[in-house]
There are 2 protein chains.
Amino acid sequence: MPTRAPHVPSKLAEAAFELFAEQGFARVSLDAIASNAGVTKGSVYHHYSSKREVVLASCRFYYRKWQQTTQRQIAPLTDPMDRLIAVLRFSVKTCLIDERNRMFTAEIMALSLLDKDVQCGWAQFYDSARETYVGLVDAIKFETQMGPVDTRRAVDLMLAAMEGIKQRASFEPEISAPEAQERCIEDLLGILGFSHVASAHNPCSLIS
Amino acid sequence: MPTRAPHVPSKLAEAAFELFAEQGFARVSLDAIASNAGVTKGSVYHHYSSKREVVLASCRFYYRKWQQTTQRQIAPLTDPMDRLIAVLRFSVKTCLIDERNRMFTAEIMALSLLDKDVQCGWAQFYDSARETYVGLVDAIKFETQMGPVDTRRAVDLMLAAMEGIKQRASFEPEISAPEAQERCIEDLLGILGFSHVASAHNPCSLIS
DNA sequence: TTTATACAATACTCTCCAGTATGCCAAAAG
DNA sequence: CTTTTGGCATACTGGAGAGTATTGTATAAA
């Protein structure tokens, strides 16, 4: 059983992700992916049976990378609120700055309406992300006795807003400015029921 | 100047929208669009110079339709809060139920990262939608002296959450249930600073 | 009636790309 | 050392679809 090159499949998945995140699924050929991974199409079909399988592999690569990076943000921190804010800050920054990330998720959203496996993969990913946030918020609630009544519902709404903010960043680049990033974090904390830790200026606060 | 058929271009735009909203831009051929409009590809190229132009026309068709339908929701109502809730209810319902709407907007999002004209068109559409909501919220503020401090910011956040909810509906169909729709409306009203008009159970309310 | 023109259909080209068939080579098994 | 086998490259096929060239036809103007 000869094994020369180290893990061609994962190299292909990464190369595919990079290209997909720049041009979308339809515009990238398997030749381009193979070339970007330093191989040819022949070996792509040794590891994956179709382009669709390559797409699914690139999704799994993206999900794994996201989870790893997120865990790395949390790891060094112990205070629950610090941990939540660190993850939020990192997520918002990614949403607003990283155009490749926006492209890739937008493509997944479009494709998931036609492909049940893509849809299922994203659903699992979303689920794990939600549980991460629920854990962070519940930790704060336990410590401070403050927070949203229904944690899961608040997290869902916050994540929805974050996805929407990501979309807006695509066509209103001005919201990628650093101040705008902090405002986003305030807004998201507000949705989670932590408007007190953010600035006093908050769209949720009433006039009178 | 012979003018036989009534408005072939707009018929093409609508036919294109219908197919794009089912299969996405890339999977629909001009032959299919022409056939769906009752003509052939030859006349498509009489009215549009390329497939890209057809895509842009289908976007304009979608934007116009949305604005017309939204105005029709507001027209018969006079009370500001009723008007806001009517638009919200209609928008949420569309987001959660209408899979074609989700598909089309998802495709626009993906394409707008590669095509500046598509991006610009969506930006204008978003802008007009935002101004509609700002007008509705400001009317309520004027009448009741209650509402968000920064209307525009609150509306932006609310619209972001709505886009995110639309996305979630794609892979979590259970949130399309009628009760879930009402919860969504509550949540969005909460973001706009009108949590008092919604139910007392609200993820924004604090425990203590 | 004739001519010009806008509009539409048919038939074609040309390119791109997913998928396949085959051959080569290196390492492990015997 | 030979044979087998897994990993990868080269070369090819077939189909789909964007765009074009040509022809036909109905209407408006002259």
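Model, not experiment: these values are computed from the prediction.

Student: Got a minute to help me understand the environment of B:Lys93 in this structure?
Tutor: Residue and element names in this part refer to chain B. Along the chain, Lys93 turns up in helix H5 (residues 80–97). Residue class for Lys93 comes out partly exposed when judged on its relative accessible area of 47%. The spatial distance from the C-alpha of Lys93 to the C-alpha of Thr70 is 12 Å, given a sequence separation of 23 residues. Dropping the residues within four chain positions of it, Lys93 is found in contact with Asp98 and Gln181.

Student: Any chance you could explain the interface of chain A and chain B here in plain terms?
Tutor: Interface size is often expressed as the accessible area that is lost when the parts come together. Taken residue by residue, the interface counts 55 residues in chain A and 55 residues in chain B. Broken down residue by residue, the surface that chain A buries against chain B is led by A:Leu113, A:Arg153 and A:Phe171, which jointly contribute 15%. Along the contact surface separating chain A from chain B lie eight salt bridges. Among the salt bridges present, the one from B:Glu172 reaches A:Arg130, with a minimum N-O distance of 3.3 Å. Where chain A meets chain B, there are 12 residue pairs in polar contact (both at pLDDT 80 or more). Of all the secondary structure elements, the ones that give two or more residues to the side of chain A that touches chain B are helix H1 (8–23), helix H6 (99–112), helix H7 (116–144), helix H8 (151–171) and helix H9 (178–191) of chain A. Ranked by the residues each element gives to the side of chain A that touches chain B, the list is headed by H8(A), at 13 residues. Among the residues making up the side of chain A that touches chain B, the classes are represented as 25 nonpolar, 13 polar and 17 charged.

Student: Mind showing me how you'd approach the environment of B:Tyr126 here?
Tutor: Relative to the assigned elements, B:Tyr126 resides in helix H7 (residues 116–144). Remark: the alpha-carbon pair of B:Tyr126 and B:Asp156, spanning 30 residues in sequence, is separated by 9.8 Å. Apart from the residues within four sequence positions on either side, B:Tyr126 is in contact with A:Arg168, A:Phe171, A:Glu172, B:Asp156 and B:Leu159.

Student: Would you mind going over the state of the cysteines with me for this structure?
Tutor: All names here are of chain B. Under the criterion given, the structure shown has zero disulfides over all chains. Cys59 takes part in no disulfide bond, and the closest cysteine sulfur to it belongs to Cys120, at a distance of 12 Å. For Cys59, a relative accessible area of 4% translates into the label buried.

Student: Is there a simple way to think about the packing of aromatic side chains in this case?
Tutor: This structure, assessed with the given rule, holds 28 aromatic pairs over all chains. Taking the centre distance of 5.8 Å and the plane angle of 75 degrees together, the rings of B:Phe25 and B:Phe104 count as edge-to-face. On the criterion of sequence distance, the pair formed by B:Phe25 in the loop between helix H1 (8–23) and helix H2 (30–36) and B:Phe104 in helix H6 (residues 99–112) is long-range, its members being 79 residues apart. Take B:Phe104: its relative accessible area is 0%, and that puts it in the buried class. Ring pairs connect the aromatic residues A:Phe17, A:Phe20, A:Phe25, A:Phe61, A:Tyr62, A:Tyr63, A:Trp66, A:Phe104, A:Trp122, A:Phe125, A:Tyr126 and B:Phe171, which therefore count as one cluster.

Student: Quick question: what am I supposed to make of the relation of the copies chain A and chain B here?
Tutor: The second copy of the chain is related to the first by a rotation about an axis and a shift along the axis. By a simple turn and slide, chain A fits onto chain B: the slide is 0.0 Å along the axis, the RMSD is 0.0 Å, and the turn is 180 degrees. Each copy turns onto its partner about a two-fold axis. The C-alpha atom lying nearest the rotation axis in chain A is that of A:Ala161; the distance is 1.8 Å. Looking at chain A, 100% of its interface residues are interface residues in chain B too, so the copies touch through the same face.

Student: Explanation requested: the nonpolar core in the structure shown.
Tutor: Considering soluble globular proteins, one finds that nonpolar side chains tend to be buried as a cluster. One finds A:Leu84 and B:Leu84 to be the most contacted residues of the largest nonpolar core, which totals 137 residues. Contact partners of B:Leu84, with chain neighbours within four places excluded, come to B:Tyr133, B:Leu136, B:Val137, B:Ile140, B:Leu189, B:Leu192 and B:Phe194.

Student: Just to check I follow, could you spell out the pattern of salt bridges for this structure?
Tutor: Opposite charge on two side chains lets them pair, provided their charged atoms get close. On inspection of all chains with the given rule, the structure shows 33 salt bridges over all chains. Between B:Glu186 and A:Arg153 there is a salt bridge; the shortest N-O distance is 3.2 Å. In this pair, B:Glu186 is assigned in helix H9 (residues 178–191) and A:Arg153 in helix H8, connecting two distinct chains. In terms of burial, B:Glu186 and A:Arg153 fall into one category: buried. Salt-bridge contacts for B:Arg102 lead to B:Glu99; the nearest nitrogen and oxygen are separated by 4.0 Å. Here the residue B:Arg102 and the residue B:Glu99 both occupy positions in helix H6, the gap between them amounting to three residues, near one helical turn.

Student: Hey, could you run me through the confidence of the model for chain A in this one?
Tutor: Residue and element names in this part refer to chain A. Summary statistics for chain A give a mean pLDDT of 91 and a share of 91% for residues scoring 70 or more. Below pLDDT 50 for its whole length, residues 1–5 participates in zero contacts with residues either more than four positions away or in separate chains. Predicted confidence for residues 199–208 stays below pLDDT 50, and this span has 30 contacts to residues more than four positions away or in other chains.

Parameters and conventions
Residues numbered from 1 in each chain as written. Chains lettered and ligands numbered in written order. Predicted model: local features only at pLDDT ≥ 70, side-chain atom pairs only at ≥ 80, totals over all residues. Heavy atoms only, no water. Helix = DSSP H or I, 4+ residues; strand = E, 2+ residues; numbered from the N terminus. Buried < 20%, exposed > 50% of the residue type's maximum accessible area, 1.4 Å probe, protein only. Contact = heavy atoms within 4.5 Å. Buried area = accessible area lost by both parts, 1.4 Å probe. Salt bridge = Lys/Arg side-chain N within 4 Å of Asp/Glu carboxyl O. Polar contact = N/O pair within 3.5 Å; in protein donor to acceptor, adjacent residues only side chain to side chain. Nonpolar A, V, L, I, M, F, W, Y, C, P; charged D, E, K, R; others polar. Disulfide = S-S within 2.5 Å. Phe/Tyr/Trp six-rings, centres within 6.5 Å; stacked < 30°, edge-to-face > 60°. Least-squares fit on C-alpha atoms with pLDDT ≥ 70 in both. Core = buried A, V, L, I, M, F, W, Y, C linked by side-chain atoms within 4.5 Å. pLDDT = per-residue confidence, 0-100.

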